[in-house]
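Chain and residue survey
As a plain string of letters, each chain reads:
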Amino acid sequence: MGEETLDSAAQPGRRKSRRTVIVVAVVVIAVLAGGLGTWFALSRPAGLQRADVVRLDKERVILDNSMNLYDPLFNQFSVRYSSVMSENAEQQVKDQVLNQDGGRLKSESRINLDRLDRMGSSPTVKEQEVSDAFNRFKEHYGAVISYNDQLLVNTSNITQSIGGPCAPLHSTLNVGAETYSEDYVKGADACLAAVVTAKDNTDAETTELLTSVEGIIRGQRDKQQEVLDAKDDFERLAKRTLAALAMLDINEALSTTETKYESAVKVKYNQLVADANDSNKTFESALKKRTDQFDAAGKDGE
Amino acid sequence: MTIEPGPTQHEGPAEQPNPSQQPAPRKRKLALILISSVVVLLVIAAAAVVTVTQISGQQRKESLQLLKEGQLTALVDSRAKLQPAANEYLAAYKKARNAPASQEEAEKNSQKERGEFQKAADEARSALQKVQSAHESRADGIGVAIGQLEDSYEGFIDHMEGLVESYPQFEGLFRADGAGCNGLFVGSKAATLRERQTLLGQAAAPCREAADQLKQSKNVAYVEFARTFDNRVGQLESNAEVTAKSEENYNEFVQLKDQLVQKTNEATARNASDEELLKIADEAKALNTRIKNNRSEFDFAAKRYLSGVKDMPVLVEEVFSKKIAAEIKSYDAVIPLRVQILKDAVDVELVE
């Protein structure tokens with residue numbers, strides 16, 4: 001086209017037709033450009049697409065699958081952390097397990113929350129019906145995630161106290177030894193201090209567990225203290241007998257407390273999981289309905 | 001670009017004779033030419049952008065497809081080969097060691113299996129690397145899923161490598177030509193408890209040193225075992241010390257008792273005062289308390305010593321039957337989920 005323009009410019013006699021050629025050429029080019037632009041724009045259509053819905057559904061599946069990771073990761077953390085606590089490894093090793101294996105659970109939750117947020121920004125969620133289902137899904141999965149965050153705190157704190165300084169109290173002391181009362185009081189004080197610290201940031205059930213254990217240990221400790229405070233041999237013998245009798249009940253008391261805690265926690269968690277599963281099903285079918293609508297519309301168009 | 005200089009060259013001489021009559025059309029023509037050139041360039045640019053977008057979109061799609069179907073499948077396959085290769089090596093090493101052979105010889109005789117395991121481990125690492133380099137970003141959905149897979153997968157390879165690397169150390173703990181921890185089981189070799197304590201102490205020193213080394217393993221199960229084992233041997237030593245000391249105390253008490261009996265007989269014979277007799281009685285009572293306490297300490301320590309010895313084989317056996325099995329089970333639960341999540345994350349990007 002450029003050359004044609006040049007040719008016509010060289011012949012002044014045909015100026016008019018030359019101009020026409022230029023105008024026509026420009027118009028043709030402009031139309032072409034416009035067409036190309038329109039096609040390009042149309043290849044990225046506006047409005048909700050079937051692909052957006054399918055994408056959101058896949059993200060839903062990803063989040064649902066991610067929830068199944070908590071269980072094995074928690075087992076790994078809890079086994080490793082109890083091991084370093086009960087074997088009284090160096091502080092640095094204890095911290096490493098807490099940071100690495102505990103940290104993995106933390107980042108798991110952070111990533112899952114990010115995934116929920118990303119799902120919330122999908123254009124599909126702007127539609128009322130999908131939006132309702134998504135909000136319920138987000139609420140219940142968010143609850144499972146924060147339950148697991150809390151579980152990490154609970155498990156760490158229980159392991160640091162009951163699994164730590166409290167553990168040797170009823171397994172490594174010689175009840176028959178002369179120094180038993182003294183040893184018990186010393187060990188119990190360390191245990192009680194750890195239990196008090198452990199109550200920071202735990203949830204209601206765990207705090208109750210720790211408080212119960214604290215009460216049981218404190219009761220035993222005070223009885224042993226009475227033995228130490230006894231004024232004469234006879235009183236000491238009497239107090240020692242009473243303290244020993246009280247000690248017979250301790251395992252039962254501790255296991256009752258533990259059973260109560262475990263069942264309370266289990267009920268709470270099962271409820272959260274059941275709710276989450278329900279919301280997942282509802283969300284899934286809302287999305288399915290939407291893709292079905294697209295498929296039906298697609299067939300009508302043919 | 002070549003269009004612009006053309007017109008000026010040609011037009012120049014043609015327009016010169018009559019410049020005052022034709023200024024407007026000339027400018028208009030120039031403008032038209034310029035505009036049309038710009039339009040043409042714009043069209044070319046737009047077309048180029050469209051093509052590049054299309055091509056890179058296509059390439060991206062293909063590389064994601066490859067990540068999902070090629071690289072991830074290779075990763076899963078390479079992982080499946082690790083555990084059998086490790087088992088082959090453990091069996092080969094143990095067989096060689098039982099031949100019998102020294103640790104060094106056994107390592108030499110199981111070199112083939114060791115090499116094959118290392119090859120499998122290297123392949124697993126390079127399969128992971130390929131997955132990592134298939135997608136650069138670590139911030140988007142795919143990148144985050146790759147990061148998580150990487151963490152678990154590397155943990156698994158480390159676990160397996162540690163299992164193989166530290167096996168000779170672990171296996172040699174209770175061998176006489178190894179760490180000699182079997183020397184801990186003194187049994188009837190000792191005539192007295194002090195002798196038992198001495199023999200135990202001699203065996204414990206190299207044994208605990210070997211346990212300390214095992215604590216450096218890449219395998220968590222070995223490390224946890226080594227820590228517990230070290231503590232148990234420590235307890236064994238302290239209980240052995242308590243029982244030995246109690247036995248010595250007891251011999252001393254027998255002497256003291258004889259002395260007291262003699263003293264009492266003497267006092268009774270010479271009709272000693274009640275005061276003196278009461279004093280002797282008090283001494284006897286105090287001695288009785290010491291004997292009773294000594295007895296209690298002895299019983300407690302002896303009971304714990306025996307159960308410590310009895311539990312030790314269980315502790316060793318549980319490394320494989322429980323700890324390693326649990327670790328592998330955990331990875332077997334986590335890694336397939338991580339792979340599935342990554343595949344789904346790729347699918348999210350591939351949806352059309």
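Residues numbered from 1 in each chain as written. Chains lettered and ligands numbered in written order. Predicted model: local features only at pLDDT ≥ 70, side-chain atom pairs only at ≥ 80, totals over all residues. Heavy atoms only, no water.

1. Topic: the overall build of chain A
Looking only at helices and strands, chain A has ten helices and zero strands in total. N-terminal to C-terminal, the α/β element order of chain A is α-α-α-α-α-α-α-α-α-α. Relative to the globule expectation of 19 Å for 302 residues, the C-alpha radius of gyration of chain A, 36 Å, shows a markedly less compact shape. If one aligns the C-alpha atoms of chain A with their principal axes, the spans along those axes are about 140 × 45 × 25 Å. Each of the 302 residues in chain A was classed as buried or not, and the buried ones make up 39%. Taking the contacts inside chain A whose residues are at least 6 apart along the sequence as the reference set, 77% of them involve residues at least 24 apart. Carbon and sulfur atoms make up 55% of the accessible area of chain A, which totals about 16,400 Å². (Helix = DSSP H or I, 4+ residues; strand = E, 2+ residues; numbered from the N terminus. Rg over C-alpha atoms; globule rule 2.2 N^0.38 Å. Buried < 20%, exposed > 50% of the residue type's maximum accessible area, 1.4 Å probe, protein only. Contact = heavy atoms within 4.5 Å. Areas by Shrake-Rupley, 256 points an atom, 1.4 Å probe, with all protein chains shown as cover.)

2. Looking at the packing of helix α3 (residues 50-67) of chain A against helix α6 (residues 128-161) of chain A
Residues and elements named next belong to chain A. Where α3 contacts α6, the two axes come as close as 11 Å, and the packing angle between them is 20 degrees. Our classification of the angle between α3 and α6 gives roughly parallel. For the pair α3 and α6, the crossing hand works out as left-handed. Here L56, R60, L63, D64 and M67 of α3 lie close against α6, whose contacting residues are V130, F137, Y141, V144 and I145. When the residues that make up the contact of α3 with α6 are grouped by side-chain class, the tally is eight nonpolar, no polar and two charged. (Axes fitted to C-alpha atoms, helices over the stretch in contact; angles between N-to-C directions. Parallel < 35°, antiparallel > 145°, perpendicular 65-115°, else oblique. Left-handed = near helix turned anticlockwise from the far one by under 90°. Nonpolar A, V, L, I, M, F, W, Y, C, P; charged D, E, K, R; others polar.)

3. Looking at unusual backbone geometry
Residue B:P100 is bonded to the preceding B:A99 through a cis peptide linkage, with omega at 10 degrees. Residue placement: B:P100 occurs in the loop between α2 (23-98) and α3 (103-109). For A:N201, which is not glycine, the phi dihedral falls at a positive 70 degrees. Unlike most non-glycine residues, B:N271 shows phi in positive territory, near 50 degrees. Within the element layout of this structure, B:N271 appears in the loop between α8 (220-269) and α9 (274-350). Owing to a relative accessible area of 69%, B:N271 belongs among the exposed residues under this scheme.

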